[in-house]
Amino acid sequence: KLSEQIYLMQFPLQDSSSVAVPQLPASARIKKKHNILELEHPIPYSQIGAEGNYTFSTRKQISHTIPVNTHLALGKVSDDGSIHLVPLYHLTQMRPDFTHVNLQDESSDDQPEDINSKAPEKKPLLFQKKESERAAMIRKSSYAFKKASEDEEEWQDLIICGSETPEYDQCQQALLEDSRKPIAAVADSEKNFVKTLDYLPGRSSDDPLDMRVAQAQISTVASGEQEQQEISPLVPVVQKCTSLLSRGVPVPFSVIRLQLPSSVDDPDLIQALSSCAVLVRGNFYLQSRLCSGLDSELIQARTLMLYLLHTDGQLQRKGIEAVYSESDVVTSEWIHQILQQVALRRRHGWTTRLADNVTFMAQFFEQTQLHNQYWERVGNKLDDKLDIYRCNILE
């Protein structure tokens with residue numbers, strides 16, 4: 001899909017008096033696995049200056065991927081006045097690259113040595129112990145390991161196409177063909193208009209959430225059964241709960257309870273939460289499919305992490321990385337970003353951010369059991385990936 005190939009790039013602000021006419025990059029290359037983009041822009045001759053030993057004729061910038069925390073879309077107005085939208089799932093910030101400074105410092109430190117000044121020293125024979133699991137986890141979570149992994153991947157050169165090229169016209173046409181149906185006119189029904197604005201990843205026309213809105217029903221995710229009820233009083237409750245959980249971190253039931261009026265009783269609140277959240281050891285997390293900026297593989301990876309936190313109380317990052325070692329989407333960087341949201345790093349691994357809410361699980365025992373049944377079904381679906389995970393954490 002076109003949405004998987006479009007990146008929104010943000011550049012540093014510059015003084016308006018020094019900004020020249022925008023130019024295409026002189027060169028561009030990418031490391032796709034780590035989502036690293038490098039652009040090199042020529043500097044106008046009038047702005048080329050020297051500072052010490054550095055003379056700049058080009059400006060190099062390198063990307064830093066950041067999570068998408070809101071809905072973004074690329075829109076195009078067609079000739080008939082309709083608007084076509086393509087969701088944006090990739091957001092990257094371009095920052096100046098200063099590797100030339102490090103290279104200059106390294107070259108100044110490399111002084112020629114007189115080979116006759118020192119006699120060759122004998123090196124002792126050393127034996128190295130097998131690396132422990134904790135040492136391996138610390139090594140793989142270090143910046144040095146991340147940097148070495150990035151350096152190992154080869155750069156892929158990109159072809160730069162301007163607005164006057166055939167490739168640009170093809171992209172414009174693909175935008176019209178790949179986008180959803182044009183937004184409905186305001187004169188259409190409110191329900192149809194709102195549905196056209198929904199482009200959360202992993203959603204389809206037969207998605208349970210769409211079914212609940214379209215058919216005025218609420219279904220309990222944990223039980224998988226739909227109950228015929230009037231949805232109108234619960235829609236604002238679901239919206240409020242989704243907003244409270246939108247950061248991706250766990251929220252206790254007591255905190256959610258305080259944010260809602262007393263007219264909403266506990267059974268209705270729990271039922272509303274079941275349509276947008278999952279229960280992990282007594283605390284609620286937003287469902288992975290409702291998290292913005294995640295495609296299907298990342299949704300599955302986040303669900304796998306929540307499953308392990310619920311069943312084991314902790315997880316090992318190296319096991320998750322082993323499960324998705326061959327994926328170009330679920331990279332080590334993405335795994336780390338998701339883990340920082342849903343868990344806390346401890347000496348023995350990643351654990352839940354909040355202590356087990358034993359009070360809620362005892363007070364609402366039946367609802368807790370329904371969510372436990374839901375997690376059992378999730379475990380059955382992820383059985384193959386769980387085998388890979390457990391094999392790697394036992395090594």
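The model shown is predicted, which means the values in this text are computed figures rather than measured ones. The written sequence of each chain sets the order in which its residues are numbered from 1. Where local features are concerned, this predicted model is filtered to residues with pLDDT of at least 70; where side-chain atom pairs are given and counted, the filter is 80 or more; whole-chain, interface and lining totals use all residues. Note: side-chain values were computed over all heavy atoms of the structure, leaving out hydrogens and water.

## Examining the overall build of the protein chain
Helix and strand counts for the protein chain come out as 15 helices and 17 strands. Between buried and exposed lies partly exposed: a residue is buried under 20% and exposed over 50% of the maximum accessible area for its type, with that area taken using a 1.4 Å probe on protein chains only. Considering the protein chain as a whole, with its 395 residues, one finds that 37% of them fall into the buried category. Whether two residues are in contact is decided by their heavy atoms, any of which lying within 4.5 Å being enough. When contacts within the protein chain are restricted to residue pairs at least 6 apart in sequence, those whose partners lie at least 24 apart make up 66%. Each accessible area value is a Shrake-Rupley result obtained with a 1.4 Å probe; residue values ignore everything except the protein chains displayed when judging cover. Carbon and sulfur atoms provide 53% of the accessible area of the protein chain, an area that totals close to 24,600 Å². Secondary structure elements are defined from DSSP: runs of H or I of at least 4 residues count as helices, runs of E of at least 2 residues count as strands, and each element is numbered from the N terminus.

## A word on the packing of aromatic side chains
Centre-to-centre distance and the angle between the planes together describe a pair of aromatic rings. Stacked, tilted and edge-to-face are the three classes applied to pairs of Phe, Tyr and Trp rings, where Trp contributes its six-membered ring and a pair requires centres within 6.5 Å; stacked means planes under 30 degrees apart, edge-to-face means over 60, and tilted covers the rest. Taken as a whole, this structure holds seven aromatic pairs when the rule is applied. Ring centres of phenylalanine 253 and phenylalanine 360 lie 5.2 Å apart, and the angle between their planes is 45°; on these two criteria the pair is classed as tilted. Remark: phenylalanine 360 occurs in helix H13 (residues 358–363) and phenylalanine 253 occurs in helix H8 (residues 253–258); sequence separation between them is 107 residues. On the basis of relative accessibility, which here comes to 7%, the residue phenylalanine 253 falls in the buried class.

## Looking at the sheet that holds strand E15 (residues 314–315)
At least two bridges found by DSSP between two strands is the condition for calling them paired. Strand order in the open sheet formed by three strands is E15-E17-E16, with antiparallel pairing between adjacent strands. Sheet topology places E15 and strand E16 (343–346) at the edges, where each strand pairs with a single neighbour. As paired elements, E15 and strand E17 (residues 349–352) share two bridges and run antiparallel to each other. Directly across from leucine 315, in E17, lies its bridge partner tryptophan 350.

## Topic: a nonpolar patch on the surface
Residues enter patches when they are more than 30% accessible in relative terms and free of salt bridges; like-charged ones are connected within 9 Å and nonpolar ones (Val, Leu, Ile, Met, Phe, Trp, Tyr) within 5 Å. Salt bridges are defined as contacts in which a side-chain nitrogen from Lys or Arg sits within 4 Å of a carboxyl oxygen from Asp or Glu. A cluster of nonpolar residues, Tyr7, Met9 and Phe11, forms a patch on the protein surface that exposes about 250 Å² of accessible area. Take phenylalanine 11: it is sitting in the loop between strand E1 (7–10) and strand E2 (27–31). Accessibility expressed as a relative area gives 39% for phenylalanine 11, which makes it partly exposed.

## Re the pairing of strand E7 (residues 73–77)
Where E7 lies against strand E8 (residues 83–87), five bridges are found, and the strand directions are antiparallel. Each bridged residue has a counterpart across the sheet, and for lysine 76 the counterpart in E8 is histidine 84. Hairpin connection, E7 to E8: the antiparallel pair is bridged by five residues, and glycine 81 has positive phi, about 90°.

## Quick word on the sheet that holds strand E9 (residues 90–96)
Reading across the sheet, the six strands line up as E1-E9-E6-E3-E2-E10 and stay open at both edges, with mixed pairing between neighbours. Pairing within the sheet leaves two strands with one partner each, and these edge strands are E1 and strand E10 (156–157). Sheet topology places E2 next to E10; two bridges connect them, and they run antiparallel. Opposite isoleucine 30, over in E10, you have glutamine 156 as the bridge partner.

## Considerations on the packing of helix H10 (residues 296–312) against helix H14 (residues 365–381)
Here an axis means a line fitted to C-alpha atoms, over the contact stretch when the element is a helix, while the angle between two N-to-C directions is reported on a 0 to 180 degree scale. Running from N to C, H10 and H14 point in directions that differ by 125°, and their axes come no closer than 11 Å. Judged by the inter-axis angle, H10 sits oblique to H14. In this structure, H10 crosses over H14, and the sense of that crossing is left-handed. Judged by residue contacts, Thr303, Leu306, Tyr307 and His310 of H10 engage Asn372, Trp375, Val378 and Gly379 from H14. When grouped by side-chain class, the residues that make up the contact of H10 with H14 number four nonpolar, four polar and no charged. Oblique is the label for every angle not falling under 35 degrees (roughly parallel), over 145 degrees (roughly antiparallel), or within 65 to 115 degrees (roughly perpendicular). If you view the pair so one helix is near and one far, a crossing is left-handed when the near helix is turned anticlockwise from the far one by less than a right angle, and right-handed when it is turned clockwise. Charged means Asp, Glu, Lys or Arg here, nonpolar means Ala, Val, Leu, Ile, Met, Phe, Trp, Tyr, Cys or Pro, and polar covers whatever is left, Gly included.

## Quick look at the nonpolar core
Ile256, Leu269, Leu273, Phe284, Leu315 and Ile320 are the most contacted members of the largest nonpolar core, which has 55 residues in total. Counting residues per element, this core draws most heavily on H10, at nine residues. Other than its neighbours up to four places away in sequence, leucine 269 contacts Val237, Cys241, Phe253, Ile256, Arg257, Leu260 and Val264. Grouping buried Ala, Val, Leu, Ile, Met, Phe, Trp, Tyr and Cys residues that are joined through side-chain atoms within 4.5 Å yields what is termed a nonpolar core.

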